[in-house]
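# Geometric and topological summary
The chain contents come next:
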Amino acid sequence: MTAERSPGATVRRRLVVVGSGIAGLYSALLAAEAGSDVVLLSKGALADSNTFFAQGGISAVLELPAPGDTVAAHIADTLKAGGGHCNEEAVRVLCTEARLDIMGLERFGVRFDADDDGDPALGLEAAHSAPRILHAGGDATGAGIAKALILAVLDAQAAGKLQVLGHAQATGLIQSEGHVAGVEFLRNGRLEAVRGDAVLLATGGAGQLFARTTNPSVATADGLALAWRAGAELADLEFFQFHPTSMVLSAAAGPAAAGADPLLISEAVRGEGAILVDAKGQRFMPAYHPDAELAPRDVVSRSIALHLASLGDPNGHVFLDARVVEAAKGQGFLEKRFPTISARTREAGVDWTREPVPVAPAAHYWMGGVVTDLFGRTSIPGLLAAGEVACTGVQGANRLASNSLLEGLVFGRRAVEGFLGWAPPNGAQRTNAAGTPSDESRLTAWQPELVPEPFSRTALRRLMTAKAGVLRTRGLLREAAEALNAWADVVLPENAPDSADSLVHEDANLLLAAQLLVQAAGARRGSLGAHYRSDTAELQRETAVEEPDPRYTIRRKASLVND
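These numbers come from a predicted model, not from an experiment.

A few words now on the overall build of the protein. Of the regular secondary structure elements, the protein holds 16 helices and 18 strands. The proportion of buried residues among the 563 residues of the protein is 60%. Relative to all contacts within the protein whose residues are 6 or more apart in sequence, the contacts with residues 24 or more apart total 73%. When the accessible area of the protein is evaluated, it comes to approximately 21500 Å², of which 52% is carbon and sulfur surface.

Listed below in structure tokens is the structure:
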């Protein structure tokens, strides 16, 4: 299949969408419906995305909400979880327009779970003040949404409304006179290109930066690296959310445990009443936060890490005990409510109706990304971004559970509106979500120091987990920066590799993303949301902690290392 325009055909504005998660699929469908020429690039198969693995659901205050729930309450919950770091206007847009895009999903074939009366079955999750979580297929919401959207995309392709290029890994953005004008990509070992009037990055996150992650193997920071190399502004890279309850497969005994895909134990399980206990069977979360297991994700992840450290086992795990849920709600409830988790835990050798599940925090979602306005427009003309790769400011310093799928929907649609010219003009002066201009002059210089271990993805993931994970200090971040810089002298991640090997490109993207994350984390000396500095008190004793601007932004300069 070619991505070139046919000679003599009516010229339509072309949107190139990179990524096949919820933001990419939904925006491609909407742009095609509006009459645009759409080319959708998927790094692997269309189902290879974080969306497909999402379990918890999608949050929305519907026209007929749960008793007492309001859009204002959803806004308040999102702002509270974000630690005072959210773009309030972006949050207002997200929560107010949610029901519109839920209807959009239904129009494309998504069927949400219903209660006994046929009304939407609304669940409660951590840090939400009311039940407002929609599910599709119980704990397989992401898969249910992705399958429906993929079928709609394939139908649109069969009808000639859009083109899908599968197994096409984007390697660079084509720029012409300061405008993004297309994408270079690897396909079947060959470098190809597709040109367009704009490019929408919907490439997802970067969970593969860490040794334990809920993300699939395709989550290698590709879109963020493309945008940074092109000169786009990035922000909030210090805020990486760790999901507190990822099953520790190595601690399970089943034959499916070794080498299996990551298994996230959904937030909804704790919403139903499951508790966390340590190896002695002692519940510990009430000692760390008044909301206990229903505290925001960053709090639960940090509490687990701190509790394990207090027990002298910082690399260990705790247990999620769902037996109390089964006992309270009746035999068979877990199987019915969480069929995917029930099957996967059984495969791993754990019957969670009879025994607790070994869990530990795992890299889950990156709040930071490519800075956009409320219509997906980045600091570079012609480049749009939506979903996890983008930073609208809606997630703040810590994402509220089940707001990520919603963000992909709402701002994916708005990015299409920006492309179609339905949005107000984009201002010439880019500002971050807090209203302060980006600052290119505050990059921290890194002093390289040779490290004995050569670069490998495994070594990178171990380093990031140990030195830039749930708990961070100045010393750990400095050690991480020195190691990353030494590797960068060899890998040269600032530029796209001259290679037809997709793994080489992924490695360079991950190394670049790691450098940017560690740099942002080092600049923010205090703790906020998912960024926790356990040495904050020490720093305050030495000198007054001077925080960066409310949103720490960065864009490419002559050199990432030598400022």
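Structure's up, so let's keep going.
What holds strands together in a sheet is hydrogen bonding between their backbones, with the strands either parallel or antiparallel. Here we have 3 strands laid out as an open sheet, ordered S6-S7-S8, and antiparallel in their pairing. Edge strands, defined here as strands with exactly one partner in the open sheet, are strand S6 (169-176) and strand S8 (190-195). Ignoring which end each strand starts from, the neighbouring axes of this sheet average 30 degrees apart. Pairing of S6 with strand S7 (residues 179-187), which is carried by 7 bridges, proceeds in the antiparallel orientation. Note on S7: the bridge partner recorded for Ile174 is Gly182. Contacts from helix H15 (residues 502-523) reach S6 and S7, with the element oriented near 70 degrees to S6.

Running from amino to carboxyl end, helix H4 (residues 88-107) crosses helix H12 (residues 404-420) at an angle of 90 degrees, the nearest separation of the two axes being 8 Å. On the basis of their axis angle, the class for H4 and H12 is roughly perpendicular. Contacts from Ala90, Val93, Leu94, Glu97, Ala98, Leu100, Asp101 and Leu105 in H4 reach Leu406, Glu407, Leu409, Val410, Phe411, Arg413 and Arg414 in H12.

Criteria and cut-off values
Residues numbered from 1 in each chain as written. Predicted model: local features only at pLDDT ≥ 70, side-chain atom pairs only at ≥ 80, totals over all residues. Heavy atoms only, no water. Helix = DSSP H or I, 4+ residues; strand = E, 2+ residues; numbered from the N terminus. Buried < 20%, exposed > 50% of the residue type's maximum accessible area, 1.4 Å probe, protein only. Contact = heavy atoms within 4.5 Å. Areas by Shrake-Rupley, 256 points an atom, 1.4 Å probe, with all protein chains shown as cover. Pairing = 2+ DSSP bridges. Axes fitted to C-alpha atoms, helices over the stretch in contact; angles between N-to-C directions. Parallel < 35°, antiparallel > 145°, perpendicular 65-115°, else oblique.

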